[in-house]
Amino acid sequence: MSLALIAALPFLGALLAGLTIRFGRTASAASAFAVTAVALGLIVPHIPDVLQGKAVQTQIVWLPSLGMNANFMLDGLGLLFAILILGIGLLIILYAGFYLSAKDDWGRFFSYLMLFQGAMLGIVLSDNILLLLVFWELTALSSFLLIGYWSHLPQSRRGARMALAVTGSGGLALIAGMLILGQVAGSYDLSVIVTQKATIQASVWYLPALILILVGAFTKSAQFPFHFWLPHAMAAPTPVSAYLHSATMVKAGLFILARFWPVLAGTEAWFMIVASTGLVTMIWGAVVALFKHDLKAILAYSTISHLGLITFLLGLGTTAGAVAAVLHILCHASFKAALFMSAGILDHAAGSRDMRAFGGLRRLMPITFGLTLLATLSMAGLPPLNGFLSKEMMLEVASHTAWRGNTWLVPGFATFAAMLSVGYCLRYVAHLFFGPVRRDYPAPPHDPAFGMWLAPALLVAVVVVMGLAPMTIAGWLIDSAASAVTGTPVQTTIKLWHGWQNPALYLSALAFGGGFVILGGWSRLSGAWQSLPIPDAKQAFDAGLGALTALAQSVTAALHSHSFSRAISIATVTICAVGLLAFTGADHSAGTLPATPIQAVPAALWLLLIATLCASVALHRDRMIAVLLIGVVGLIISVGFAYLSAPDLALTQITVEVVTVVLLLLALNILPKHSGPAGSRARHLRDIAVAGAAGIGAAALCYALMLRAPAFAPISAFHLAQSKSGAGGTNAVNTIIVDFRGYDTYGEIIVLGIAALLIIALIDGLLAPGPARDRILARLPHANPTGEAHPMMMQVATRLILPFALMIGIYIYLRGHNLPGGGFVAGLVFAIALVMQYMASGQEWMQHRKRLNYHTILGAGVLIASATGLGSWFAGRPFLTSNYAYVSLPPLEVFELATASLFDLGVFLCVLGAVMLILESLSKLGLAARKGP
Amino acid sequence: MEILIASSVGVLTAAGLYLMLRAQTFPVILGLSLLSYAVNIFIFAAGRVAPGMAPILDPAAIGYVDPLPQALVLTAIVISFGMTAVIVIMALGAYLNSGDDDVDAAGSDISGGAG
Amino acid sequence: MNHLIIAPIVLPAVLAGLIVLLARRAMLAQRLIGAVALLALLGLSVVLLRQSGEIPAQAYFLGNWPAPFGIVLVLDRLSALMLVLTAGLAAVIWAYAVVTGWDRRGRHFHTLFLFQMMGLNGAFLTGDAFNLFVFFEVLLIASYGLMVHGGGTARVRAGVQYVAFNLLGSTLFLFGLAAIYSVTGTLNMADLAVKLAVLPPGDAALIRVAFALLLMVFAIKGALVPLHFWLPGTYAAAPGPVAALFAVMTKVGAYAMIRLGTLIVTAPATEGLWQAYLTPAALCTMAVGAVGVLGSHSLPRMVAFAGIGSMGVVFLAIGAGTPQATSAALYYMVHSTLATAALFLLADMITPAQGRDDVQGRGAAASGVMAALFMAAAIAMAGMPPLSGFVAKLLVLDALRDKAALMWSAVLLASLLTILGFARTGSRLFWKPPTDVSPAPAPDNPGAIAAVVALLAAIVGLTVFAGPITAWLDMTAQALHLPTGYIAANALPGVP
């Protein structure tokens, strides 16, 4: 059976558990159980191969260019973990079935649990380390969900976030480490990497990779100083704790250490970092465990201590150490899972997790007592239980390990740790079960239903039997796992009795003696401990994260204060700076073109322009004046265009100017007539500096360009040459906009059209009930933009002008192709003529006489322009290909009729429709004010 | 002549930006139209300038200025006209909705803390 | 001549014109036309995508004028990719806007939406620098309309800033283009590449300035720090579906950088010009985005900052300037567009129940379904497995391995902050038990949820088929960095 399918099964189970909840809680639990069982069953057939040292592999190509493939591998180590994950998984599901209460959401619980199981299984089955990373992060996410399962409890939410933050950041470090490792080894496949020991340990990247990977492993396996998240993860339901913190999640870190042992271990750095961290964690966890009162807290810290032990053993880098580590992984999983479950039983039955509420339970809960006793003594390392085997082996290995030439330090610390652990184990049993029976239990203690103690009982059975017959029960598994870790075939003999000459014997005897002493003097020690100023890691972490968040908030708020002026200033300065840098980045030879001599007219125009500009800046706070001055600037510019041989520009500029000014004046009827003062003197200076810099930049660039001859012949030479022969017009500018670059014009009229629609939509919004409408209605009638009084002279004049204006418009349109003019200007002239009517005679007068809907004109414009473009398809030509013929239509002079001028008609209609729509809808505002609600 | 044109572009740009920094919608609009004048002249000038050489084909012509920049300016003028219209109405809307035409405060009421 | 190339531009324009002409007040007709348009666009772009795989690049000579004298459209893998991304995203978002009734909250929604599509497609297809400006304006003005759709004080005020800032950008664009024409005498992009290669050294400084200005323009579009200030306010104030559509607008800036950047990067004058500015700015962008995610109070703002951060990664990859990095950038672009859009839609569904501000506040904002969708989208956005975000992150990291120490730590730290931010918001939004002040969760809208699911499905597809997709993108990047095919398609006079 393909490993990929096995790895996929739990995820299927997660789905099933979520769906089957419809058929009741049992169905959900049963489906989870069944899927896990199947997965375990599918592993079994692979066991013979693995035991012969043949790794089973499945490879699926996923992202070859990155070397990220769905490659799976089952070797001894993977097998050990797979059995732990699935085997204990079964017991957990069984136990949870009795632990969860009816008001818990079982479907959610079991889907999360299976999700997590899948992630774990994926880690241990991955051959490709990028794939391993995927599953690694998935364990972080799914444990986030599991720890936060009772999400109504704040400590669950906090615990979950803390676990995610710590293991998540570790995961990111691991990503970096793995990528480096892969780059160095030249492959992301474990089976390749493990063969690259020499290359990797020789590389300069070895130490960075090592440290990053260790950070990932240590955070996950709660090694000092990253251990603090684990106790807070105890907010999870007890089955979750039993699963995550005995056999799986926290072992994932150790798994990584074991996985990369063949390539990373054996160096001084590895020993110093890993072994020392393990030792420290082992002692620190044990010390804290000794003085906790919450059952799960004690178990959590003892877990930390034992994880430290395993880390220490792996850190030694010796085969013996590796064997001991593997053995203890198995033993710890068995007794620790049992202990968590029994703690859950106590919690359930006696209604508390506080040691101090208990005592004397041995008669009231005999079964629980028996199970807890055996598991705890195994944890303490008492023969003939399995905990003894690994403890003994650990002390044996420690006894001849030198730390920087110091031969007593390691054995000493190891024994001390063992002593402490005996201490808290004894206390755990003693304070729970011995002593007098009490009157004040939180709830009447009683042994649980069979189903609830079945799971721990099975685990305790393992604890005992494995202790008695280690080789038959676990020898094969340990051997194959150890061989996989060390990369060399290992044959171990695990036995209870190593003979009198074995130093470990005396060390553990010493440990036990010390343990009893500790138990004896516990209350005094505890008093001393409470008085010690131990920094609370959780508070530190919360404070740190809180500070980080607060910082982020203030930074973000400060940066994005919605100050438009500041944003503009920053942008301007940035742009100027970048432009300057770019300029200085290469050499520039000044232009060689002769400067055009300055005549009187342009000089006068220039003076006038500068003067007007200064005035408009100086007087800008009186908006009416400012608008008029801006209008004047526009006029000057259009004259300039005319003077500098750009009649089309002049014509367009002047017509646009008129319409724009009208628009601004209409707006000013509603907006305040004056601008308030903007900011301090300093700010004005700053603004002047910024604006000045940009101005200088623009001027300099402009000047440099004008005097420099084009490096290549401009493409416009072609336009001039083809204007008449190719596009059938003598006005090159017009032929460019309606033919050579008609597509630009097409886009441009679309812009106008959109502008009109947008504005209509906006004004509609303003006239809908709301603050805007209220403000409009609150305005005094005389403020309406169409003007109250309509002077008779003006009315008559405009109505006489109208036909002429329209004639001019048509004329401009027709001649456009050959002489300055064209659809755009014509449209504007029409618009202006009509606007004058509005101005003179008022909105209503026009409304009554309006025949055409400007929407229709606009739409027609867009469609005609598009249709003209599409027409050329029928001639098999591309969009907007023009065609023309000369038409003589007496009395008019012979003129040429080009599809381009049909396109120009579209332009004309668009412009007319858009401009009229804009002005009309703007004057609607005034009308609303006039009419009132 | 070039110096006059270049300096006009510069002054227009500076004046436009200065008005844009005045933190109220209406000056911002005026500033934007000054900027569009500036850039229109800039484009036009980029094709180099000369009087009396309008690009309208004529056997008697001594030569023509580059017509392409002029066409580009036409497009630019039209587009900026549309844009001006839009921002004018938006400014009106902002003013009518909120009762002031300050630009800087925009959005502060939805920023949640960042205002 | 393949007329299909112009269709993605003319089709929406014509249909929008029809709406204006005939269906101004008939919402049903508008929706029908919209549906037809978006389905047609999706189909069209898929067809064009398949064509782009066969022919390196094909040009469409508008007005039948030869390049560089007329305007050309060029269809290559990159433009086709952008077309498909846009059409797919738009179809989903349009459907969302219809089922949630957003399209009724103001006039001309469907017209503006179609014109928006026209603008985007035009920008992706054009091979002419000035025409790129014109279509930037088309898509911008349509986006102005969509942004203030539905009105409201906050929205319109934010709109003024958005418009003003972008008008500044448009002006800058014109400055740059004029300078380019003044020096090279051409506007056709391919022609530009050819002429830059043989540009007299005396003109180097001026052309560098011109392209630096263009870079700034695209940086504004792409919200590159410090030109990003317009984005958070705008996106947070925009209607949910519009903000989601805007997820592709920032990508227009990135697209333009890739398109022009790869054409000019080999020329002596402009070699490495953009990269020099991009890399540091991109690092800042990532930082600002990540910090903003952790430091935002409202969900829409948070998503906006996540979007900024993702653009930072994209720019970082573009800045590396290698084909591999470009390919990674493209994959990341597609991924982050989908993820950001999905989150904006979710934010739109959740926020009304949760109240405008303040994710600290009350929990129980929405149902379990929403919680699940949010978690999935957040995982994608934060670049955690098993979704495409993780793959994209790995691709970028792998492409940046030369400067691993700095780049990797920057990218990974940024994603850590993002994870923290989303975990905090998520657990507060969905886990906190309802208090008496918290509003009842909004009833789930199946249609709306379907839209989000569609986007997430696309993300899953992007992950599962990462192999073939990246292979295709690698070829795209190769073609971009050796643009002989692109230039040849323009059939320039005197150029083989």
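Owing to the predicted nature of the structure, the values given are computational and were not obtained by experimental measurement. (Residues numbered from 1 in each chain as written. Chains lettered and ligands numbered in written order. Predicted model: local features only at pLDDT ≥ 70, side-chain atom pairs only at ≥ 80, totals over all residues. Heavy atoms only, no water.)

A. Geometry of a nonpolar patch on the surface. Residues Leu12(A), Leu15(A), Leu16(A) and Leu19(A) make up a contiguous nonpolar surface patch of about 360 Å² in total accessible area. On the basis of relative accessible area, Leu12(A) is assigned to the partly exposed category, the value being 45%. (Patch = residues over 30% accessible without salt bridge, like charges linked within 9 Å, V, L, I, M, F, W, Y side chains within 5 Å. Areas by Shrake-Rupley, 256 points an atom, 1.4 Å probe, with all protein chains shown as cover. Salt bridge = Lys/Arg side-chain N within 4 Å of Asp/Glu carboxyl O. Buried < 20%, exposed > 50% of the residue type's maximum accessible area, 1.4 Å probe, protein only.)

B. View of empty space enclosed by the protein. One number sums up the size of the largest cavity: a volume of about 270 Å³. Among the elements of the structure, helix 27 (600-618) and helix 28 (623-643) of chain A together with helix 1 (2-20) and helix 2 (25-46) of chain B are those that each provide at least two residues to the lining of the largest cavity. Counting residues per element, the lining of the largest cavity draws most heavily on helix 28 of chain A, which supplies five residues. Residue composition of the lining of the largest cavity, by class: 14 nonpolar, two polar and no charged. (1 Å grid on protein atoms, 1.4 Å probe; cavity = no way out; pocket = protein on both sides within 12 Å on 5 of 7 lines; lining within 4 Å. Points joined across faces, edges and corners; volume = space filled by probe spheres on them. Helix = DSSP H or I, 4+ residues; strand = E, 2+ residues; numbered from the N terminus. Nonpolar A, V, L, I, M, F, W, Y, C, P; charged D, E, K, R; others polar.)

C. Examining the interface of chain C and chain A more closely. Across the boundary between the two partners, chain C contributes 124 residues, which contact 109 residues of chain A. Both sides of the chain C and chain A interface together cover about 10100 Å² of buried area, and 77% of this is carbon and sulfur. Interface area lost by chain C to chain A is led by Trp65(C), Phe69(C) and Trp431(C), which between them contribute 9%. Where chain C meets chain A, there are three salt bridges. One salt bridge connects Arg708(A) with Asp203(C), and the closest N-O pair in it is separated by 2.3 Å. Viewed at the interface, chain A and chain C are joined by 24 residue pairs in polar contact (both at pLDDT 80 or more). Of the residues forming the side of chain C that touches chain A, the biggest block, 13 residues, is contributed by helix 6 (residues 153-184) of chain C. Class assignment of the residues belonging to the side of chain C that touches chain A gives a composition of 81 nonpolar, 27 polar and 16 charged. (Contact = heavy atoms within 4.5 Å. Buried area = accessible area lost by both parts, 1.4 Å probe. Polar contact = N/O pair within 3.5 Å; in protein donor to acceptor, adjacent residues only side chain to side chain.)

D. Broad picture of the interface of chain A and chain B. The interface is formed by 112 residues belonging to chain A together with 87 residues belonging to chain B. Buried area between chain A and chain B, both sides added, is near 8600 Å², and the carbon and sulfur share of it is 78%. When the area that chain A buries against chain B is broken down by residue, the three leading residues are His562(A), Leu644(A) and Met706(A), summing to 8%. At the surface where chain A touches chain B, the tally comes to two salt bridges. Where chain A meets chain B, there are 21 residue pairs in polar contact (both at pLDDT 80 or more). When residues of the side of chain A that touches chain B are assigned to their parent elements, the largest contribution, 17 residues, is made by helix 30 (residues 681-707) of chain A. Residue composition of the side of chain A that touches chain B, grouped by class: 75 nonpolar, 27 polar and 10 charged.

E. Local environment of the layout of surface pockets. Residue and element names in this part refer to chain A. If you add up the space inside the second largest pocket, you get close to 930 Å³. Every residue lining the second largest pocket is counted, 41 residues in all, and those nearest its centre are Pro-231, His-232, Lys-292, Ala-297 and Tyr-301. Those elements that provide at least two residues to the lining of the second largest pocket are helix 7 (154-185), helix 11 (229-232), helix 15 (268-291), helix 16 (295-316), helix 17 (319-350), helix 24 (522-531) and helix 25 (537-559). The class makeup of the residues in the lining of the second largest pocket is 22 nonpolar, nine polar and 10 charged.

F. The packing of helix 27 of chain A against helix 1 of chain B, seen in detail. Relative orientation of the contacting elements helix 27 of chain A and helix 1 of chain B amounts to 10°, with a least axis distance of 10 Å. As summarised for this structure, helix 27 of chain A and helix 1 of chain B are arranged roughly parallel, according to the angle between their axes. Note on element contacts: helix 1 of chain B touches helix 27 of chain A through Leu4(B), Ser7(B), Ser8(B), Val11(B), Leu12(B), Ala15(B) and Tyr18(B), opposite Pro602(A), Ala603(A), Trp606(A), Leu609(A), Ile610(A), Leu613(A) and Val617(A). Taken together, the residues of the contact of helix 27 of chain A with helix 1 of chain B sort by class into 12 nonpolar, two polar and no charged. (Axes fitted to C-alpha atoms, helices over the stretch in contact; angles between N-to-C directions. Parallel < 35°, antiparallel > 145°, perpendicular 65-115°, else oblique.)

G. The state of the cysteines, seen in detail. Residue and element names in this part refer to chain A. Throughout the structure, instances matching the rule amount to zero disulfides over all chains. Left unpaired, Cys-614 is separated from the closest cysteine sulfur, that of Cys-702, by 18 Å. Between Cys-702, a cysteine without a disulfide, and Cys-576, which holds the nearest cysteine sulfur, the sulfur-to-sulfur distance is 15 Å. (Disulfide = S-S within 2.5 Å.)

H. Up close: the confidence of the model for chain A. On average, residues of chain A carry a pLDDT of 87, and 94% of them reach 70 or more. Every residue in residues 781-788 of chain A is under pLDDT 50, and counting partners more than four places away or in other chains gives 13 contacts. (pLDDT = per-residue confidence, 0-100.)

I. Looking closely at the pattern of salt bridges. All told, the structure shown has 18 salt bridges over all chains when counted by the stated rule. When the shortest N-O distance is used, the salt bridge between Asp687(A) and Arg22(B) registers 2.8 Å. Here Asp687(A), found in helix 30, pairs with Arg22(B), found in the loop between helix 1 and helix 2, and the two come from separate chains. Take Asp687(A) and Arg22(B): they sit in the same class, and that class is buried. Arg259(C) is the partner of Asp76(C) in a salt bridge, and the nearest nitrogen-oxygen pair spans 2.7 Å.

J. Inspection of helix 13 (residues 249-259) of chain A at higher detail. Counting buried positions over the 11 residues of helix 13 of chain A gives 11, a clear majority of the element. Residues of helix 13 of chain A that are buried: Met249(A), Val250(A), Lys251(A), Ala252(A), Gly253(A), Leu254(A), Phe255(A), Ile256(A), Leu257(A), Ala258(A) and Arg259(A).

K. Examining unusual backbone geometry more closely. The step from Ala67(C) to Pro68(C) runs through a cis peptide bond, and the omega angle for that step is 0°. When you line up the elements, Pro68(C) lands in the loop between strand 1 (57-61) and strand 2 (72-76). Residue Val225(C) is joined to Pro226(C) through a cis peptide bond whose omega torsion reads 0°. The backbone phi angle of Arg48(B) is positive, close to 60°, even though this residue is not glycine. You can see Arg48(B) is positioned in the loop between helix 2 and helix 3 (67-98). Taking relative accessible area as the criterion, Arg48(B) reaches 16% and is therefore assigned buried. Although it is not a glycine, Asn64(C) adopts a positive phi angle of roughly 60°. Position of Asn64(C) relative to the elements: it lies in the loop between strand 1 and strand 2.

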